[in-house]
Amino acid sequence: MKKLAAMFPLIFAFLNINMEDKLKAKETLELSAEDKVKLDAAAKIEGFAEKFMTDYNTALAGEDTDKALELVSAYMKEVQAEDPDAEKPTGKEAPETTASTDVQKLISRQTKMEAEMKVIRAENEKMANKPETDETVEKIKGSAMKNSKIGHSKTHLFASNDAWNEFAGRPWNEAAKQAMAGEAITAVTNWTETANIDKLNSDIQAYFRKDPMLVHSTLLDGLQMKKYVELVSGVSDEYVYTTIATGEITQSLKSKFLPKNKAKFEAEIGKVRDIQIDMLFKGYELKKLEKSYLKNIASLGITDSNPHKLIYVNYVVAEIMKRARKEDKIVMGRGVYFSDPDRTTPASFMNNFDGFIKLILRARGTKFNPFKVGKPTAQNIYDYVNTMCELLPHDVKILPELQYVLSPFWKRKYLEARKNIYGGNTNYTGDTDTVDNFANIELVTYDQLEGEELMYITTKDNEYGLTDKPGEDGFIQFQKGGEDPRDIKAFGDYKLSTFIAVFGRKQLDLAADSFENQLFFSNDVEALTTTYVPVAADDATPSLAIHNSLVIGANNTQATDITNFDDATVGSRVYITGNKDTLISTVKNNANIILADGDFPLNNGSLLVLQALAGGKFIEISRKVAGAAAPVVEIALAADATTADAADGTSFVTVANTVATAITNIENAVVGEQYTIKGGSATNATTIANAGNFFLSAAITLNVGVYITVEFNGSKFIEVARG
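Residues numbered from 1 in each chain as written. Predicted model: local features only at pLDDT ≥ 70, side-chain atom pairs only at ≥ 80, totals over all residues. Heavy atoms only, no water.

S.K.: Pulling in residues and values, what's your account of the overall build of the protein chain?
M.R.: When its secondary structure is counted, the protein chain shows 18 helices and 31 strands. Counting only residues that meet the buried cut, the protein chain has 42% of its 723 residues in that class. Just so you have it, the protein chain exposes about 37,100 Å², and 51% of that area is on carbon and sulfur atoms. (Helix = DSSP H or I, 4+ residues; strand = E, 2+ residues; numbered from the N terminus. Buried < 20%, exposed > 50% of the residue type's maximum accessible area, 1.4 Å probe, protein only. Areas by Shrake-Rupley, 256 points an atom, 1.4 Å probe, with all protein chains shown as cover.)

See below:
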């Protein structure tokens, strides 16, 4: 055994194998295809690794070290005869060698290669260390890919023993090898064959079992959550965050023990929701997916610097999940959860779980009080933001790491207003990412708030995404089946949701409308009116308990009259839209629902807006019939007005003037925008001359019904139509 241990120490060290333990356990050596490639490359001798493994196991089995030395000696003679780098005898005849001298030559040869081995070993450790980021892995150059310098064994892609990289039964791997070599791709996959579908399924499952965290990362890749949202994994059902609600506890000196505190535990519970993926492929669609994978390799458009990660099963899953990631990103902001497991039609992804906006709306007025500051405008936005910050309780206002969350649009307007106010000052330094006079409050934009007037303030550690590590059989699987025998189903499951940990830190002795017990603050505007929840079939009195925006019709089995709405909140707006062209629901004008223009059929795309009144009544605010042109809002100009303001709109109508009046300009005009001015009175009718800011075909007098449309080119208003 001592002789055996002396034979191969450096080779074992190169392979990162503890030889002492292996000998002690009398454990045979089984080199992987990848290890064989590495060892052959290091020795610069093809077949060296296979011979080495065989000789070692033979010696170990018989504990015949002399025989093992003879085997190695004979092999080394053969190696020396073939190896141009081997030492050659100087005399006419080669001197006799002994087994011990041959072994010493082997060890000497290995020592000679040690510098090269260190480099290769360092590279191998980088490739094998999966937690390292791609930036720590040496980039693979295109020339290396094209010249096939990436190692493959005879049986496996990338010389990996993993089943999913095997060539046998996987034409896509053989094709990938050809693509890397710059060869014509002759390996063809028939994606209508059940055997290939089954092989892909087993590979996906085997890949996931080998490295579930890597697949989990693929699942959530590109989720792009808002800034300061932490992703918490391992939540299979509920996530509980507990705080303590307290009252006063201190008092002046007294002779007896007189407890006065009141305390109780408050728990905020977040619940992850199950999300399903159901897809139907045609065989040629999987063929296109495979071609895109091979093209990705052949063109070297590889963003991942580690080729071992670019395996087909990973690529398939990542491509399928791209759309899912986009939908998750949207629903995390704007989703409204609706449970309907017995439905017979596909549901909208917007109903997968409650997003951050819905969590806020549900808690507003119950778990925290909003600031009643009205709506923000382009004119008041600077004071609006600063006012909300000033309204914070003092002990919250001075907390470090606060965030003021708003849409990108409103941040731009805030910065524009700030520049208009302070831009001329010598100490003006440009745009800022914090609220003026509140260096601890960062202005944080959230793209899912775009189009909303909702804004809120809270700490930077208060928002979370919740997910569960996906189950082994809950990832992506393929299955033959469908109306067409060439159809292929793909399906999978995962879990995701949002969570806000603290809305308030209640003090039991404070008034209910106090802001002192809150850690979350928002304005009181409407929000999330364009995310809809469906209504059950043929429901004559739909419920507003879940959400105030309802989509009605798709589930109907018959035409239905809606006569009332249940569970409304007095003072709220209600948005009702249709999503079907037949068997539609019709909102009826009656004692409960007061409509301005009679009954309203909910055709596909039609929209009715109502206001919830006291006494269970609703009154119409507006309606939009699907397909009807949106009404043009005309801005009435003041009497004797000589200018119009584009900030008010794009269509203007004149009124009776007290003197002869001429329009000379349209202020705040946008380049490329068209503006229409129409005559509304013949009394001192307004005129526009072909001069100054206007370039017209001729001057015009805007008598009743006469109009002109102009387009602003940056310096002039050019006539484009008149009538």
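S.K.: Before we move on, can you summarise the pattern of salt bridges with the specific residues and values?
M.R.: Taken as a whole and judged by the stated rule, the model has 18 salt bridges. Where Glu 416 meets Lys 413, a salt bridge forms, and the shortest distance between an N and an O atom there is 3.5 Å. Here Lys 413 and Glu 416 lie together in helix α18 (residues 408–422), a separation of three residues that amounts to about one turn. By relative accessible area, which is 22% here, Lys 413 ends up partly exposed. Residue Asp 599 pairs with Lys 588 through a salt bridge whose shortest N-O separation is 2.6 Å. Here Asp 599 is found in the loop between β18 (593–594) and β19 (600–601), whereas its partner Lys 588 is found in the loop between β17 (585–587) and β18, with eleven residues between them in sequence. By relative accessible area, Asp 599 is classed as partly exposed at 33%. (Salt bridge = Lys/Arg side-chain N within 4 Å of Asp/Glu carboxyl O.)

S.K.: Quick rundown of helix α16 (residues 381–390)? Include the residues and the values.
M.R.: The buried fraction of α16 amounts to seven of the ten residues, a majority that puts the element mostly inside the structure. Of the positions making up α16, those classed as buried are Ile 381, Tyr 382, Tyr 384, Val 385, Asn 386, Met 388 and Cys 389.

S.K.: Would you mind going over the nonpolar core in detail, with residue names and values included?
M.R.: It is characteristic of soluble globular proteins that their nonpolar side chains tend to be buried jointly. Formed by 110 residues in total, the largest nonpolar core has its most connected members in Tyr 404, Val 435, Phe 478 and Phe 565. Among the elements that take part in this core, helix α14 (residues 312–334) stands out by supplying ten residues, more than any other. Ignoring sequence-local partners within four residues, the contact set of Phe 565 consists of Pro 542, Leu 544, Leu 550, Ile 576, Ile 593, Leu 610 and Phe 618. By size, the runner-up hydrophobic cluster in this structure holds 18 residues, among which are Leu 637, Ala 646, Ile 688 and Ile 700. (Core = buried A, V, L, I, M, F, W, Y, C linked by side-chain atoms within 4.5 Å. Contact = heavy atoms within 4.5 Å.)

S.K.: Please provide a residue-by-residue account of the pairing of strand β26 (residues 674–678), values included.
M.R.: With burial as the criterion, only one face of β26 is covered, namely that bearing Tyr 675 and Ile 677; the residues Gln 674, Thr 676 and Lys 678 on the opposite face remain uncovered. Here five bridges tie β26 to strand β30 (residues 707–712), and the two strands are oriented antiparallel to one another. Each residue of the ladder has a partner; that of Thr 676, found in β30, is Thr 709. (Pairing = 2+ DSSP bridges.)

S.K.: Describe the side chain of His 156, listing the residues and the values that go with them.
M.R.: When you line up the elements, His 156 lands in the loop between α9 (142–146) and α10 (171–180). Overall, the relative accessible area of 9% leaves His 156 in the buried class. Those residues in contact with His 156 that lie beyond four places of it in its chain are Asn 161, Asp 162, Asn 165, Glu 166 and Phe 167.

S.K.: Go over the sheet that holds β19, please, and point to the residues and values.
M.R.: Here we have three strands laid out as an open sheet, ordered β15-β17-β19, and mixed in their pairing. Every other strand in the sheet has two partners, leaving β15 (560–562) and β19 as the edge strands with one partner each. Two elements, β15 and β17, share three bridges in a ladder whose sense is parallel. Along β17, the bridge assignment pairs Ile 562 with Val 587.

S.K.: Break down α10 for me, with residues and values.
M.R.: Across the ten residues of α10, seven count as buried, placing the element largely inside the fold. Turning to α10, its buried residues are Trp 172, Asn 173, Ala 175, Ala 176, Gln 178, Ala 179 and Met 180. At the exit of α10 stands Gly 182, carrying a positive phi of roughly 75 degrees.

S.K.: So what's going on with a nonpolar patch on the surface? Which residues, and what values?
M.R.: The grouping of Ile 594, Leu 613, Ile 619 and Ile 621 at the surface amounts to a nonpolar patch, some 280 Å² of accessible area in total. As for its position among the elements, Leu 613 is in strand β20 (residues 607–613). (Patch = residues over 30% accessible without salt bridge, like charges linked within 9 Å, V, L, I, M, F, W, Y side chains within 5 Å.)

S.K.: Outline the packing of aromatic side chains, supporting the account with residue identities and numerical values.
M.R.: Evaluation of the coordinates by the stated rule reveals 14 aromatic pairs. For the ring pair Phe 368 and Phe 503, a centre distance of 5.7 Å and an interplane angle of 5 degrees mean the geometry is stacked. Pair noted here: Phe 368 is in the loop between α15 (356–363) and α16 and Phe 503 is in the loop between β11 (487–500) and β12 (520–522), with a separation of 135 residues, a long-range link. You'll find Phe 368 and Phe 503 in the same group, each marked buried. When the ring of Phe 371 is compared with that of Phe 521, the centres are 5.7 Å apart and the planes differ by 10 degrees; the resulting orientation is stacked. Within this pair, whereas Phe 371 is found in the loop between α15 and α16, its partner Phe 521 is found in strand β12, the two being separated by 150 residues in sequence. Linked through ring pairs, Phe 368, Tyr 456, Phe 503 and Phe 520 together constitute an aromatic cluster. Lying across the ring of Tyr 337, Arg 273 places its NZ or CZ 3.8 Å from the centre. (Phe/Tyr/Trp six-rings, centres within 6.5 Å; stacked < 30°, edge-to-face > 60°. Lys NZ or Arg CZ within 6 Å of the ring centre and 35° of its normal.)

S.K.: How would you summarise the pairing of strand β8 (residues 456–459) if you had to cite specific residues and measurements?
M.R.: Note on strand geometry: in a regular strand, side chains alternate between the two faces of the sheet. The pairing of strand β5 (residues 402–406) with β8 spans four bridges and is antiparallel. Bridge pairing in β8 links Gln 403 to Thr 458. In terms of strand pairing, β8 meets β12 through three bridges, oriented antiparallel. Note that in β12 the partner of Thr 458 across the bridge is Phe 520.

S.K.: An account of the sheet that holds strand β13 (residues 533–534) is needed here, citing residue identities and associated values.
M.R.: Read from one edge of the open sheet, six strands run β13-β14-β16-β20-β21-β18, paired in mixed fashion. The open sheet is flanked by β13 and β18, the only strands paired with a single partner. Sheet analysis places β13 next to strand β14 (residues 549–552), joined by two bridges and oriented parallel. Residue pairing for β14: Pro 534 is matched across the bridge by Val 551.

S.K.: Describe unusual backbone geometry, with residues and values.
M.R.: Across the chain, the bulk of peptide bonds are trans and the bulk of non-glycine residues have phi less than zero. At Asn 437, a residue that is not glycine, the phi angle is positive and equals roughly 75 degrees. By the secondary structure assignment, Asn 437 is in the loop between β6 (434–435) and β7 (438–445). The exposed category is assigned to Asn 437, whose relative accessible area is 71%. Positive phi, close to 60 degrees, is recorded for Leu 528, a residue that is not glycine. Along the polypeptide, Leu 528 turns up in the loop between β12 and β13. You can call Leu 528 buried: its relative accessible area is 1%.

So, to be careful, I would describe these as geometric facts and stop short of saying anything about function.
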